[in-house]
Amino acid sequence: MGSVLIAGGLLTGLAAPASATGPCGSGYNRVGVYAIPESGTRVGTLEVYYNSSSGKNCALTYGYGSTAGTTTFKGVSIRLSGSYQGETEGGNYVYYAGPVYTSAPGKCIDVQGSVKNAKRWVGSVHCG
């Protein structure tokens, strides 16, 4: 066990800080953040995460501004670039849609986020 001297006092047996677990689970790091605009106003955020150990990507869509913390349609989808199959989730949610996942080691992905009637599509990104 280690010892730490803090402001003249000695503390022993301190554990190392626990690593934070994000919205996709442990081991995921955020690799992309995209605003979802509607008529020039941001209504949502599409976030993409990657886990280098598993080779998986994850995506979520959050409300922003007037859609944050209110029940509105929120949707998210993720797939390998060029594929017609992927994982999608959507519905009337208070905070966010997702997470959705795809395994993409060494490949690019396409992601889409939706809030109300606004959509943001980002293709061929985060090529791991």
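Computed from a predicted structure; not experimentally measured.

Visitor: So what about the environment of Val-94? Which residues, and what values?
Guide: Here Val-94 lies in the loop between β7 (86-93) and β8 (96-103). Overall, Val-94 belongs to the partly exposed group, its relative accessible area being 32%. In contact with Val-94, not counting residues within four places along its chain, are Thr-67, Ala-68, Gly-69, Thr-70, Thr-71 and Lys-74.

Visitor: Pulling in residues and values, what's your account of the confidence of the model for the chain?
Guide: When the pLDDT values of the chain are averaged, the result is 88; 84% of them are 70 or greater. Confidence over residues 1-18 falls short of pLDDT 50; this stretch has 14 contacts with residues more than four positions distant or in other chains.

Visitor: Can you tell me about the nonpolar core, naming the residues and giving the values?
Guide: Membership of the largest hydrophobic core comes to 17 residues, with the highest contact counts inside it found for Leu-46, Ala-59, Ile-109 and Val-111. Those elements that provide at least two residues to this core are β3 (29-38), β4 (41-51), β6 (72-80), β8, β9 (109-115) and β10 (118-125). Cys-24, Tyr-28, Tyr-49 and Leu-60 belong to the second largest nonpolar core, which has five residues in total.

What counts and what doesn't
- Residues numbered from 1 in each chain as written.
- Predicted model: local features only at pLDDT ≥ 70, side-chain atom pairs only at ≥ 80, totals over all residues.
- Heavy atoms only, no water.
- Helix = DSSP H or I, 4+ residues; strand = E, 2+ residues; numbered from the N terminus.
- Buried < 20%, exposed > 50% of the residue type's maximum accessible area, 1.4 Å probe, protein only.
- Contact = heavy atoms within 4.5 Å.
- pLDDT = per-residue confidence, 0-100.
- Core = buried A, V, L, I, M, F, W, Y, C linked by side-chain atoms within 4.5 Å.

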